[in-house]
Amino acid sequence: MRYYLDSDTLFVRGAFRAASTGISGGIRSASTLFNHTVPADWSHAEPAKEIELIAAAAGAGRDVLGLLTAVPIRNLCVLQYDFITVFVTAGIRQEPAGANGAGTINIIAYSSEGMEDSALLETIMVATEAKTETMLAAGRVSGTPTDAVIAACEGSIRHRYAGRITEPGRRVRDAVLKGVPEALRRYESGSLNVEPAFFIYSRFQGEHWVEWSPHNCPYYPCHFPGQRCDFCYCPFYPCKNEELGEWSDSLSNGRVWNCSGCTLLHEPAVADYLKQYPEAPLAELVRYKEKQKKCFIP
């Protein structure tokens, strides 16, 4: 899996088995998932056609599952919890209808460990339940008629079940409980968010969520002077490329992907290249880095 944003769309690319409650949803294999912000004056007459047009413009073909939202994609929250990544955009329409703009909560929950189809459907149930829990706890309506969830996975099947007490279900639930209120806060604050928010589940000095920000980072430079931090929250994680990282044993969660020594996306030239060509695969970036090194050999 890898993801990137353009001006109004989150794209998630890979070789997925996925289930969606969104427009033209269902359960099937897909190479592209997306969440697209429609313009304020958009007509809701043909949402399925809008999905097709976005997929065609992105060169995604027909093996795509898409969601539509009125929430600006810059209000996106990305949450990483081990092998689970969750993407959330959220807005609640106030009364009278339309008084506060957007009215959709969209969730994409991805697992880098394979699931049976039944587990994907359970993931949708867990994410929806957690979303409802956050809304009711805040004294608000539980959602909107256009809310949607995509559950997706890659890799060989490791999970037959994904209920809330399973390993994937627990992680999805915790990510949604954290992500939905954060996404609503970002949207409703009215502030101009210029980039998504990123949260990592940490076990350092106790289990908790940590929000990562490229601004005033206390660890800079964590790799080398002059490094770029645009992609500190790596869109390829876990890439599973053992030339860039390695599997490490965790005391409480089995093997986890450790890429703390990887500097690929911190190289200024590589970071610039990925920003210019956001669909570039990892292998292409590795080749580009090597090409840059050869250009500077005295």
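Residues numbered from 1 in each chain as written. Predicted model: local features only at pLDDT ≥ 70, side-chain atom pairs only at ≥ 80, totals over all residues. Heavy atoms only, no water.

> Quick one: what's the story with the nonpolar core, residue by residue and with numbers?
Within the largest apolar cluster, 35 residues are counted, with the highest numbers of intra-cluster contacts made by Val 86, Val 88, Ile 107, Val 176 and Val 180. Only strand E5 (77–81), strand E6 (84–90), strand E7 (105–111), helix H2 (117–137), strand E9 (148–153), helix H3 (167–188) and strand E11 (197–202) provide two or more residues apiece to this core. Considering each element in turn, this core owes the most residues, seven residues, to H2. In terms of nonpolar packing, the next biggest core, distinct from the first, is built from 22 residues, Ala 18, Leu 65, Leu 67 and Tyr 233 among them. (Core = buried A, V, L, I, M, F, W, Y, C linked by side-chain atoms within 4.5 Å. Buried < 20%, exposed > 50% of the residue type's maximum accessible area, 1.4 Å probe, protein only. Helix = DSSP H or I, 4+ residues; strand = E, 2+ residues; numbered from the N terminus.)

> Talk me through helix H5 (residues 282–295); I want residue IDs and the actual numbers.
The first and last C-alpha atoms of H5 sit 20 Å apart over 14 residues, in line with the 20 Å expected at 1.5 Å per residue. Every buried residue of H5 is accounted for by Leu 282, Leu 285, Lys 289 and Gln 292. One side of H5 holds all its buried residues, which, seen down the axis, span an arc of 80°. Residues of H5 that are exposed and point over 90 degrees away from its buried face: Arg 287, Lys 291, Lys 294 and Cys 295. Tucked inside the fold, the buried residues of H5 contact helix H4 (268–276). (Expected span 1.5 Å × (residues − 1). Arc of directions from axis to C-beta. Contact = heavy atoms within 4.5 Å.)

> Lay out the pairing of E5 with the relevant residues and their values.
By the criterion of burial, E5 is predominantly enclosed, with five of the five residues buried. Here E5 shows a buried face lined by Cys 77, Leu 79 and Tyr 81 and a second buried face lined by Val 78 and Gln 80. Here E5 runs beside E6; their pairing, made up of five bridges, is antiparallel. When the bridges of E6 are listed, Leu 79 appears paired with Val 86. Following E5, the chain reverses through two residues before pairing antiparallel with E6; Asp 82 in that reversal takes a positive phi of roughly 55°. Here E5 pairs with E11 via four bridges, running parallel. (Pairing = 2+ DSSP bridges.)

> Residues and numbers for the pattern of salt bridges, please.
Oppositely charged side chains can pair when the atoms bearing their charge come close. Using the criterion set out here, one finds 17 salt bridges in the structure. The partner of Arg 17 in a salt bridge is Asp 117, and the shortest N-O contact between them spans 2.9 Å. Taken together, the residues span a long stretch of sequence, with Arg 17 in strand E2 (residues 9–20) and Asp 117 in helix H2 at a distance of 100 residues. By relative accessible area, Asp 117 is classed as partly exposed at 30%. (Salt bridge = Lys/Arg side-chain N within 4 Å of Asp/Glu carboxyl O.)

> Give me the lowdown on H2, citing residues and values where you can.
In a regular helix each residue adds 1.5 Å, so 21 residues correspond to 30 Å; H2 covers 31 Å between its end C-alpha atoms and thus fits that length. Looking only at H2, the buried set comprises Ala 119, Leu 120, Thr 123, Ile 124, Val 126, Ala 127, Ala 130, Lys 131, Thr 134 and Met 135. Trailing H2 by a residue or two, Gly 139 shows a phi angle of about 70°, which is positive.

All quantities given are derived from atomic positions and should not be read as evidence of function.
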